[in-house]
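One letter stands for each residue in the lines below.
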Amino acid sequence: MTLRLFNTLSGQLDDVLPADGAVLRMYACGPTVYDYGHIGNFRTFLQVDLLRRALQLFGVPVRHVMNITDVDDKIIRNAAAAGLSIAEYTPKFEQAFLDDLDSLAVQRPEVLTRATQHIPQMVHLVERLAAKEAAYRTDDGNWYFRLRAFPDYGKLSKKDLEGMTDGARVDVDEYERDSARDFALWKSTRSGETGWETAIGRGRPGWHLECSAMAMEYLGESFDLHAGGEDLMFPHHENEIAQSESATGKTFARHWFHVRFLLVNGRKMSKSEGNFFTLRDLLLRGYKASSIRLALLSVPYRHQLNFTFDGLIEATSAIDRLRTFAARLRAALLEPGSTAKGLDTATRARQEFLAALANDLNTAEARAPIFELVRQGNIALDAGLLRSDDRDAMLRTLDAFDSVFAVIADHDAAPTRAAVEWARTNGRLDEVAPELLAASTLTDAEIDARVEERNLARRQRNFRRADQIRDELANLGILLEDSRDGIRWKRK
Ligand code: AMP
Ligand code: ZN
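Given the structure is predicted, the values throughout are model-derived calculations rather than measurements. (Residues numbered from 1 in each chain as written. Chains lettered and ligands numbered in written order. Predicted model: local features only at pLDDT ≥ 70, side-chain atom pairs only at ≥ 80, totals over all residues. Heavy atoms only, no water.)

Novice: Give me the environment of Ile-76: which residues, what numbers.
Specialist: Among the secondary structure elements, Ile-76 is positioned in helix 2 (residues 73-81). For Ile-76, a relative accessible area of 22% translates into the label partly exposed. C-alpha separation for the pair Ile-76 and His-411, spaced 335 residues apart in sequence, amounts to 36 Å. Residue contacts for Ile-76: discarding those within four places in its chain leaves Val-71, Ile-86, Thr-194 and Arg-204. (Helix = DSSP H or I, 4+ residues; strand = E, 2+ residues; numbered from the N terminus. Buried < 20%, exposed > 50% of the residue type's maximum accessible area, 1.4 Å probe, protein only. Contact = heavy atoms within 4.5 Å.)

Next up, the structure:
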């Protein structure tokens, strides 16, 4: 089966096949690691994961590249506020992002790559553009892309460049340029500010430049598919196309995949709106990683999805039904052989599941036949009608489903435990659902270590810290007692 997917560039459903007939080369814009990601960000990363898993199920090998934006205005600002260099500031958030991907069972891209490690490639791209007069330098040392050099500008977002006034700026920043629509490739910086000494001057890259340089480094000048959230279509992706195609004269990416937003009460979930949840927030409230994954995947990527707690609860019970059925099937003592109805139920569910996925990754429709399989399979088990080959066929269908949705195999304990541990070390135990705390009892050695940390705080007369540790332990049901030979602890 071939996956047909909406292509923002062509404006229609196109087959997704590797141009070289071998490996599908795809690039996905990654996170800016200035803070913890919210689940709106993860909706996009999950839908890209679904895409790569569906391609693999259809027998298409994938080479998936994702960047980590580890230099930008927000990173520079936050790092300065924390008194750190950007190289000291970003690793914590990069690791948190990777941990969150693991929690959500997102497969790692074949290549994960950082912007700051590709400065020479970016500089080279600016030089290529300058040689074609598509880039120019202003007196203050900034480099801009000359929009007039790329008549196709707007072909992705279908914006008409002529209609854009100079006031409607493509990129918001405060630098001088020929035309207000020209966007920054390279921003000059003074010594002392974050920057690199390069052949085009001292400075740091613009965000758009980074993705073009890294995509071409790992996928070649022309590749199959480029992905990101809907907000990136303009100007980010439009700018990537303009600078890449001006430099190479080739089509940059043939297929453009855009994921619509996760909303809260009709508004985009975002840091600036303050209406966001991180993955950790939800895990600490007791929602499981699998429920969050299924809830974010169940609405097809081309529809906006309104986040609700009811949606998470629905996903939890859906997963319970799947897991209970799978366990029941495996445990059932069945006669050898098969039945026409049993095999047909399994095969039809599989075919309908694949067809719905192939049709523009329609996850809502892809779920339905699987739940129908659960219903019919349970009826057949109740009636003692199932044979062992029927069971195997049904398990194979569930496996196909789970190779894409990845929610039946139960990996929920580790993310929850890690989130509670994170809350403990970040002073956020008060946010942890009581049932999780009870379940996350520390080992004796861990408790001893906490008590020792508290003793140290007291010796240093840091009583606030000492009290905080005592309270955290109390929340975990561990009581401290002063005794003649020091502190003793006991479990409540
Ligand atoms: P950022 O770290 O802000 O660069 O965003 C990472 C990815 O998340 C990008 O592909 C964004 O388009 C995407 N994104 C941001 N907010 C949302 C949202 N509310 N729903 C879906 N995707 C989003
Ligand atoms: Zn990008």
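Next, the rest of the story.
Novice: Break down the pattern of salt bridges for me, citing the residues and quoting the values.
Specialist: Between side chains of opposite charge, pairing is possible as soon as their charged atoms come close. If you walk through the whole model with that rule in mind, you get 36 salt bridges. The closest approach of N and O atoms between Asp-102 and Arg-108, which form a salt bridge, is 3.0 Å. In this structure Asp-102 comes out as partly exposed when scored by relative accessible area, which is 44%. When the shortest N-O distance is used, the salt bridge between Arg-450 and Glu-453 registers 2.8 Å. Note that Arg-450 and Glu-453 are positioned in helix 15 (residues 444-459) at a spacing of three residues, about one turn of the helix. Residue classification places Glu-453 among the partly exposed residues on the basis of a relative accessible area of 32%. (Salt bridge = Lys/Arg side-chain N within 4 Å of Asp/Glu carboxyl O.)

Novice: How would you sum up the domain arrangement of the chain? Please name residues and give values.
Specialist: Split by domain assignment, the chain resolves into domain 1 (4-259), domain 2 (267-405) and domain 3 (413-491). The gap between the C-alpha centroids of domain 1 and domain 2 is 34 Å. The interface of domain 1 with domain 2 comprises 33 residues on the first partner and 35 residues on the second. Taken together, both faces of the contact between domain 1 and domain 2 bury some 3000 Å²; the carbon and sulfur share is 64%. By the criterion of area lost to domain 2, the three top residues of domain 1 are Ile-39, Arg-43 and Leu-50, representing 24% of everything that side buries. Linking domain 1 with domain 2 are four salt bridges, by the criterion used here. Its salt-bridge partner being Arg-280, residue Asp-100 comes within 3.1 Å of it at the nearest N-O pair. There are 17 residue pairs in polar contact (both at pLDDT 80 or more) connecting domain 1 and domain 2. Sorting the residues of the side of domain 1 that touches domain 2 by element identifies strand 1 (4-7), helix 1 (39-57), helix 3 (86-103) and strand 12 (253-259) as the ones contributing at least two each. (Domains from an automatic or database assignment. Buried area = accessible area lost by both parts, 1.4 Å probe. Polar contact = N/O pair within 3.5 Å; in protein donor to acceptor, adjacent residues only side chain to side chain.)

Novice: Can you explain the sheet that holds strand 14 (residues 267-268)? Please cite residues and give values.
Specialist: The three strands lie next to each other as 14-13-15, forming an open sheet whose pairing is mixed. Unpaired on one side and paired on the other, strand 14 and strand 15 (305-306) mark the two borders of the sheet. Summarising the sheet, strand 13 (residues 262-264) and strand 14 pair through two bridges and their orientation is antiparallel. Residue pairing across strands places Val-264 opposite Arg-267, the latter belonging to strand 14. (Pairing = 2+ DSSP bridges.)

Novice: Which residues make up the sheet that holds strand 8 (residues 183-188), and what values go with them?
Specialist: The sheet built from five strands is open, its strands ordered 6-7-8-10-9 with antiparallel pairing. The open sheet has two edge strands with one neighbour each: strand 6 (135-137) and strand 9 (196-198). Across the sheet, the mean angle from the axis of one strand to that of its neighbour is 35°, orientation sign disregarded. Bridge count between strand 8 and strand 10 (residues 201-205): three bridges; the pairing is antiparallel. When the sheet's bridge partners are listed, Trp-186 is paired in strand 10 with Pro-205. Seen against the sheet, helix 6 (residues 233-248) touches strand 7 (143-145) and strand 8 and runs at an angle of roughly 80° to strand 8. (Axes fitted to C-alpha atoms, helices over the stretch in contact; angles between N-to-C directions.)

Novice: I'd like to hear about the packing of aromatic side chains, residue by residue, with values.
Specialist: Per the stated rule, a full pass over the model turns up 18 aromatic pairs. Ring centres of Tyr-36 and Phe-93 lie 5.2 Å apart, and the angle between their planes is 85°; on these two criteria the pair is classed as edge-to-face. Here the residue Tyr-36 occupies a position in the loop between strand 3 (24-28) and helix 1, and Phe-93 occupies one in helix 3, the gap between them amounting to 57 residues. Tyr-36 sits in the buried class, given a relative accessible area of 14%. With 5.4 Å between their ring centres and 80° between their planes, Tyr-36 and Trp-422 make a pair best called edge-to-face. Here Tyr-36 is found in the loop between strand 3 and helix 1, whereas its partner Trp-422 is found in helix 13 (residues 413-425), with 386 residues between them in sequence. Since its relative accessible area comes to 11%, Trp-422 is described here as buried. The positively charged end of Arg-280 is found above the aromatic ring belonging to Trp-422, 5.2 Å away from the centroid. (Phe/Tyr/Trp six-rings, centres within 6.5 Å; stacked < 30°, edge-to-face > 60°. Lys NZ or Arg CZ within 6 Å of the ring centre and 35° of its normal.)

Novice: Please give an account of the site of ligand 1 that cites residues and values.
Specialist: Around ligand 1, the structure places 15 residues, and the nearest of them are Gly-40, Thr-44, Asp-231, Leu-262 and Met-269. In this structure, Thr-32 approaches ligand 1 through a main-chain N or O atom, which is 3.1 Å from an oxygen atom. Between ligand 1 and Asn-41, the relevant distance is 3.1 Å, taken from an oxygen atom to a side-chain nitrogen or oxygen of the residue. Out of a free accessible area of 490 Å², ligand 1 has 90% covered by protein chains. Tallying contributions element by element places helix 1 first for the shell around ligand 1, with four residues. Residues that form the shell around ligand 1 fall into these classes: six nonpolar, six polar and three charged. (Near = heavy atom within 4 Å. Areas by Shrake-Rupley, 256 points an atom, 1.4 Å probe, with all protein chains shown as cover. Nonpolar A, V, L, I, M, F, W, Y, C, P; charged D, E, K, R; others polar.)

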